[in-house]
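Here is how the chains run, residue by residue.
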Amino acid sequence: MKIQSVGVIGAGTMGNGIAQVCAVAGLDVVMVDISDAAVERGLNQISKSLDRLVKKETLTIENKDAALKRIKGGTSYADFKGLQLVIEAATENQAVKEKILKQVDEIVSKETIIATNTSSLSITQLAALDSNPSRFIGMHFFNPPPMMALVEVIRGLQTSDATHAAIIEMAKRIGKEPITVKNSPGFVVNRILLPMINEAFFVLYEGLASPEDIDAGMKLGCNQPIGPLALADLIGLDTCLAVMEVYFENFSDSKYRPCPLLREMVAAGYLGRKSGRGVFTYDQ
């Protein structure tokens, strides 16, 4: 199957980024969120992102206009009827994703591939809720999707070879570099990355160094382009906490215990860039 039409659930940072990448590559996109306001914000963000690419001369104005015309916004999953692929990019919450995926399963055809953009949850477990689990797969984009080349393609126990092949081909066609990953909490990249971020919070919690010096140490000493604490703010501290809780629950290993400071900051609403304050403070 050569995928030409894609539905995206969620118009937030990940959802609108995925929609943008698909539309620029020539695919027809339907982006759905819970309200017209959320959809409008997502479409505006896509337009601004494309404007930046035009300014950098990596995209023409004509291609920008064509991409925007390929994206339809809406608030009903019924708009996904007839599409070849639906990518769920809602918040990293098991119950929320299960509810959404069950609703989508009832609407789309049995031939429609359903993918989840989860960064930590079990593909096998989510696929078990689908009436045709062989068409279910993980498609983990990285933030921000228009800039990051990697896509983790995660096979559940039930995922068919045909589904996997179609997603690998589609990922390459939209300009991404896919890697195939077995189903396991955190998959590959986040399995390594999030414990490192969590450890940076422990270092901060124990008062070993300032946030600035912790990040400077990792950038200068490990050649990382961004420090772990600034990266946590970019990802979202709530997302970091949710992923570590998944690891802790699934592996029953104390090395995955979320740092108390991370928990406290999330409880305070210090979620990172999206809230204007995390480890660092940001202008909204």
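None of the values given here were measured: they were computed from a predicted structure. Throughout this description, residue numbers start from 1 for each chain and increase along the sequence as written. Owing to the predicted nature of the model, reporting of local features is limited to residues with pLDDT of at least 70; listing and counting of side-chain atom pairs is limited to 80 or more, with chain, interface and lining totals taken over all residues. The basis for every side-chain value is the complete set of heavy atoms in the structure, and neither hydrogens nor water enter the calculation.

### Here we look at the packing of helix α10 (residues 237-251) against helix α11 (residues 260-267)
Spelled out, the test is: Throughout, an axis means a line fitted to C-alpha atoms (over the contacting stretch in the case of helices), and angles, computed between N-to-C directions, take values from 0 to 180 degrees. Counting from the N terminus, the helices are DSSP H or I runs at least four residues long and the strands are E runs at least two residues long. For this classification, under 35 degrees means roughly parallel, over 145 means roughly antiparallel, 65 to 115 means roughly perpendicular, and everything else is oblique. Helix crossings are classified by the rotation of the near helix relative to the far one: an anticlockwise turn of less than a right angle makes the crossing left-handed, while a clockwise turn makes it right-handed. Note on contacts: a residue pair is in contact if any heavy atoms of the two residues lie within 4.5 Å. Side-chain classes are defined by residue name, with Ala, Val, Leu, Ile, Met, Phe, Trp, Tyr, Cys and Pro counting as nonpolar, Asp, Glu, Lys and Arg as charged, and the others, Gly among them, as polar.
Their axes nearest at 9 Å, the elements α10 and α11 cross at an angle of 135 degrees. One finds that α10 runs oblique with respect to α11. Handedness of the crossing formed by α10 with α11: left-handed. Here Leu 237, Asp 238, Cys 240, Leu 241 and Glu 245 of α10 come into contact with α11, specifically with Leu 262, Arg 263, Met 265 and Val 266. Per-class residue counts for the contact of α10 with α11 are six nonpolar, no polar and three charged.

### Some thoughts on the pairing of strand β7 (residues 150-155)
Stated precisely, the cut-off is as follows: What makes two strands pair is DSSP finding at least two bridges between them. Handedness is read with the strands pointing away from the viewer; a crossover is right-handed when the path from the first strand over the helix to the second is clockwise.
Where strand β6 (residues 136-141) meets β7, four bridges bridge the pair, whose relative direction is antiparallel. Along β7, the bridge assignment pairs Phe 141 with Val 151. Sheet topology note: the β7/strand β8 (residues 177-182) ladder contains six bridges and is parallel. In the strand pairing of β8, Arg 155 is matched with Lys 182. Handedness of the crossover joining β7 and β8 through helix α6 (residues 161-173) is recorded here as right-handed.

### A word on the nonpolar core
Operational definition: To qualify as a nonpolar core, a set must consist of buried Ala, Val, Leu, Ile, Met, Phe, Trp, Tyr and Cys residues joined through side-chain atoms within 4.5 Å. Type-normalised accessible area, obtained with a 1.4 Å probe on protein chains alone, sets the label of each residue: buried when under 20%, exposed when over 50%, and partly exposed for intermediate values.
Core analysis: the largest hydrophobic core is formed by 35 residues, its most contacted members being Ile 3, Val 6, Leu 85, Ile 87, Met 139 and Met 170. No other element matches helix α1 (residues 13-24), which puts six residues into this core. If near-sequence neighbours (up to four positions away) are discounted, Met 170 is found in contact with Ile 3, Val 6, Cys 22, Leu 27, Leu 85, Ile 87 and Met 139. By size, the runner-up hydrophobic cluster in this structure holds 26 residues, among which are Ile 214, Leu 237, Val 243 and Met 244.

### Examining the domain arrangement of the protein
Worth spelling out the cut-off: Annotation comment: domain bounds sourced from an automatic or database domain assignment. By buried area we mean how much accessible surface two parts lose on assembly, using a 1.4 Å probe and totalling the loss over both. Basic side-chain nitrogens of Lys or Arg form a salt bridge, by our definition, when they fall within 4 Å of a carboxyl oxygen of Asp or Glu. Residues adjacent in sequence count toward polar contacts only when both atoms are side-chain atoms; beyond that, a polar contact is any pair of N or O atoms within 3.5 Å, and within protein one must be able to donate a hydrogen and the other to accept it.
Entries for the protein in the domain assignment read domain 1 (5-182) and domain 2 (194-274). When each unit is reduced to the centre of its C-alpha atoms, the spacing between domain 1 and domain 2 is 27 Å. On the side of domain 2, five residues touch domain 1, which itself brings five residues to the contact. The contact between domain 1 and domain 2 buries some 400 Å² in all, and 64% of this surface belongs to carbon and sulfur atoms. Three residues, Glu 92, Ser 120 and Asn 143, lead the burial of domain 1 against domain 2; their summed loss comes to 73% of the area buried on that side. At the junction of domain 1 with domain 2, the criterion picks out zero salt bridges. The tally of links between domain 1 and domain 2 comes to zero residue pairs in polar contact (both at pLDDT 80 or more). In terms of residue class, the side of domain 1 that touches domain 2 is built from one nonpolar, three polar and one charged.

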